[in-house]
Amino acid sequence: MTTLAIHNARIIDPELNLDGIVDIVLVDGRIARVGPNEAEMVIDAERIDATGLVVSAGFVDLHCHLREPGFEYKETIATGTAAAARGGFTTVCAMPNTSPPMDSQASIESLLRQIEQSAQVRVLPIGCITVGRQGDELAPAGELVDSGVVALSDDGDAVADAALMQAALSYSSLFNLPVSQHAEDPSLVSDGQMHEGWVSTRLGLRGRPSSAEEIFVARDIALAELTGGHLHIAHVSTAGSVALIAAAKARGVNVTAEVTPHHLTLTHELVAFDGNYKDIRYDASAKVNPPLRVDSDLEALGIGIRDGIIDAIATDHAPHSLSDKEIEFDLAAPGISMLETAFALTMTRVHDGTFPLGTLIRSLTSAPVRAWDLDKRTGLSGLGTLAPGAPADLVIFDPDMEWTVDVGDFRSKGKNTPLEGRTLKGKVLVTISEGEIMHADSLVAGRLRLTDRNEGI
Ligand code: DOR
């Protein structure tokens, strides 16, 4: 029996209505007890004194790209899940835009074997909506469900054909499976490089208008309403989308949504300017689809999280190699390596008073689990919470510790971030997955007498 006892932490679990300084005891990979003085009662335990720190359930990411198979030069399951652990994530859902794409039982089965061999945290596969992600014909949803996918998505590309999307949502209601849509109308964003606005005009780059997203959000909500299927809107980025989702939820449509840390905190100006308006640049590290938008969108997205209109914060971790990014802006791949900065970046909106810490924790833990029924799909009751019997997936963090982003420290192969050199406030210090310490920051490893299993990878 392995026992880990964490003393004196501020333990926050909005799902259990818990916010207090108590102990938590983990036995054999499960949460055993949470309460005052619980840690003192156990003998033969490994111990962590977490005085002054916060403990929550491990973070759950509905949207990341691990790139394996096919793009191992960008990321692998081993490096992506090491990055997840460093970022506080203990469950990640992997997008299917791999090579081959995850559109068959055979591809999912071989992915699951690779996950079994090299994942450091739980990885749940997402299957394709259409064969080869080509948007022409539906992938075999029943076969994919039987193989263990937790959702369907053609992320990176929208399902443009309305009749096909309607069919996908009809299957969704049959199989009770979320369909995660990358909502951008291809006819409005073709060759678009960044948000369509004054910065794109200044840089002379073709834009991706907010309407491209909102048209598809509106269309797909109508199709979800018609079919009863579960529509999930990936990486919501505009105020108009938030309003559409709020209205749909109020009507009882089966729709859920996620926002990324970057869409919650960064604007299109970052592509061209670095803190002053004197010099312009073309910074491909801030190129992402959908693009970074404007302040009024950030405001609406923050309210969306505060009010539960947007269910989850998801990273859209999109690692790319240097050669994918350090080229002409038009040719650079879109995406930001996000797992290792997601928590601290989103803490910006807690520190500026947009939403409380408990809301952030809920959006990173129980809310994504609930949005996709991940506890039922995995058979892991209590996933995303600290309830006794739940998997012992935990994160220990300091909400106020400042640190400076240094891609040299990233576990991810993807060093593509516009945050390099930026000081953020809020640091993940320890990540525990099924009772095992998968990450211990060097700042506390000594104090907590822990070693980081990834040191030096
Ligand atoms: O910027 C993005 N990059 N957006 C997506 O939807 C896909 C992702 C990727 O796979 O790189």
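Residues numbered from 1 in each chain as written. Predicted model: local features only at pLDDT ≥ 70, side-chain atom pairs only at ≥ 80, totals over all residues. Heavy atoms only, no water.

Could you clarify how one ought to interpret the overall build of the protein in this entry?
The helix and strand inventory of the protein stands at 18 helices and 18 strands. A compact globule built from 457 residues should have a C-alpha radius of gyration of about 23 Å, and the protein, at 21 Å, falls within 12% of that. Its C-alpha atoms give the protein principal-axis dimensions of about 65 × 55 × 40 Å. Accessible area of the protein: about 16700 Å², with a carbon and sulfur share of 48%. Side chains of the protein give 36 positive and 64 negative charges; the mean places of these two sets differ by 3 Å. (Helix = DSSP H or I, 4+ residues; strand = E, 2+ residues; numbered from the N terminus. Rg over C-alpha atoms; globule rule 2.2 N^0.38 Å. Areas by Shrake-Rupley, 256 points an atom, 1.4 Å probe, with all protein chains shown as cover. Lys, Arg positive; Asp, Glu negative; His and termini not counted. Charge placed at Lys NZ, Arg CZ, Asp CG, Glu CD.)

What's the story with the sheet that holds strand E15 (residues 312–313) in this structure? I'm lost.
Pairing between the strands of a sheet is mediated by backbone hydrogen bonds and can be parallel or antiparallel. Reading across the sheet, the five strands line up as E9-E10-E13-E14-E15 and stay open at both edges, with parallel pairing between neighbours. Both edges of this open sheet fall to strand E9 (152–153) and E15, since each of them pairs with a single strand only. Here strand E13 (residues 231–233) runs beside strand E14 (residues 255–259); their pairing, made up of three bridges, is parallel. Bridge pairing links leucine 231 to valine 255 in E14. Against the sheet, helix H8 (residues 210–227) makes contact with strand E10 (179–181) and E13, and its axis sits at roughly 165 degrees relative to E13, the strand it touches most. (Pairing = 2+ DSSP bridges. Contact = heavy atoms within 4.5 Å. Axes fitted to C-alpha atoms, helices over the stretch in contact; angles between N-to-C directions.)

Where do I start with the site of the ligand in this structure?
Every one of the 14 residues lining the ligand counts as a neighbour, but Arg67, Asn97, Asn289, His320 and Pro334 are closest to it. Contact distances for the ligand include 2.7 Å between an oxygen atom and a side-chain N or O atom of arginine 67. In the complex, 95% of the free accessible area of the ligand, which totals 290 Å², lies under the protein chains. Each residue belonging to the shell around the ligand can be placed in one class, and the counts come to three nonpolar, eight polar and three charged. (Near = heavy atom within 4 Å. Polar contact = N/O pair within 3.5 Å; in protein donor to acceptor, adjacent residues only side chain to side chain. Nonpolar A, V, L, I, M, F, W, Y, C, P; charged D, E, K, R; others polar.)

Help me understand the packing of helix H5 (residues 162–175) against H8 in this model?
In a packed pair of helices, the relevant descriptors are the angle between the two axes and the axis-to-axis distance. It is the contact of H5 with H8, at a shortest axis distance of 9 Å, that shows an interaxial angle of 45 degrees. Between H5 and H8, the crossing angle belongs to the class labelled oblique. Crossing of H5 against H8: the hand is right-handed. Every residue of H8 that contacts H5 at Ala162, Met165, Gln166, Leu169, Ser170 and Ser173 is listed here: Arg219, Asp220, Leu223, Ala224, Leu226 and Thr227. Here the residues of the contact of H5 with H8 are counted per class, giving six nonpolar, four polar and two charged. (Parallel < 35°, antiparallel > 145°, perpendicular 65-115°, else oblique. Left-handed = near helix turned anticlockwise from the far one by under 90°.)

Explain the environment of leucine 16 here, please?
Looking at the element boundaries, leucine 16 is found in the loop between strand E1 (3–13) and strand E2 (18–27). Residue class for leucine 16 comes out partly exposed when judged on its relative accessible area of 36%. Between the alpha carbons of leucine 16 and leucine 177 there is a distance of 26 Å; along the sequence they are 161 residues apart. With residues near it in sequence (within four places) discarded, leucine 16 still touches Leu386 and Ala387. (Buried < 20%, exposed > 50% of the residue type's maximum accessible area, 1.4 Å probe, protein only.)

Honestly, helix H12 (residues 295–306) in this entry has me stumped. Any pointers?
Each α-helix turn comprises 3.6 residues. Residues three or four places apart therefore point the same way. End to end, H12 covers 17 Å across 12 residues, agreeing with the expected 16 Å (1.5 Å per residue, within 8%). All of the buried residues in H12 are Asp297, Leu298, Ala300, Leu301, Gly302, Gly304 and Ile305. (Expected span 1.5 Å × (residues − 1).)

I keep staring at the packing of H8 against helix H9 (residues 239–250) and nothing clicks. Help me out?
For the pair H8 and H9, interaxial distance at closest approach is 9 Å and the crossing angle is 10 degrees. By the angle between their directions, the pair H8 and H9 is classed as roughly parallel. Seen from H8, the contacting residues are Glu213, Glu214, Val217, Ala218 and Ile221; seen from H9, they are Gly240, Ser241, Leu244, Ile245 and Ala248. Among the residues forming the contact of H8 with H9, the class breakdown is six nonpolar, two polar and two charged.

Mind showing me how you'd approach the pairing of strand E17 (residues 423–433) here?
The two faces of a sheet get side chains in turn, since along a regular strand they alternate between them. Most of E17 is tucked away, with nine of its 11 residues classed as buried. Of the pairings in the sheet, the one linking strand E16 (residues 394–404) to E17 comprises eight bridges and is antiparallel in character. Counterpart to aspartate 398 in the pairing with E17 is lysine 427. With four bridges connecting them, E17 and strand E18 (residues 436–440) associate as antiparallel partners. If you follow serine 433 over to E18, its bridge partner there is glutamate 436. The hairpin turn running from E17 into E18, its antiparallel successor, is two residues long, and glutamate 434 in that turn takes a positive phi close to 45 degrees.

Help me understand the side chain of threonine 417 in this model?
Checked against the element boundaries, threonine 417 lands in the loop between E16 and E17. With a relative accessible area of 6%, threonine 417 lands in the buried category. A polar contact is formed between the side chain of threonine 417 and the backbone nitrogen of leucine 419, at a distance of 2.9 Å. With near-sequence residues (within four places) excluded, threonine 417 lies in contact with Ser285, Ile336, Ser337, Val407 and Phe410.

So what exactly am I meant to see when it comes to the pattern of salt bridges here?
A complete count under the given rule lists 19 salt bridges for this structure. Notably, a salt bridge pairs arginine 10 with aspartate 19, separated by 2.9 Å at the nearest N-O pair. One connected set of salt bridges, linked through shared partners, spans Arg122, Asp393 and Glu434. (Salt bridge = Lys/Arg side-chain N within 4 Å of Asp/Glu carboxyl O.)

Quick question: what am I supposed to make of the sheet that holds strand E6 (residues 59–64) here?
Spatially, the three strands line up as an open sheet ordered E6-E7-E8, and their pairing is parallel. Each edge of the sheet is formed by a strand with only one pairing partner; in this case those strands are E6 and strand E8 (122–125). Mean inter-strand twist for the sheet, computed between neighbouring axes without regard to direction, equals 20 degrees. As defined by bridge partners, strand E7 (residues 89–94) adjoins E8 across four bridges and the pair is classed as parallel. Pairing of valine 92 across the sheet is with valine 123, part of E8.

So what exactly am I meant to see when it comes to the nonpolar core here?
One broad rule of soluble globular proteins: the nonpolar side chains tend to lie buried together. Core analysis: the largest hydrophobic core is formed by 94 residues, its most contacted members being Val92 and Leu360. Ranked by the residues each element gives to this core, the list is headed by helix H14 (residues 342–351), at six residues. Residues in contact with valine 92, not counting those within four places in the same chain, are Asp61, Cys64, Leu66, Ala84, Val121, Arg122, Val123, Leu124 and Leu339. (Core = buried A, V, L, I, M, F, W, Y, C linked by side-chain atoms within 4.5 Å.)

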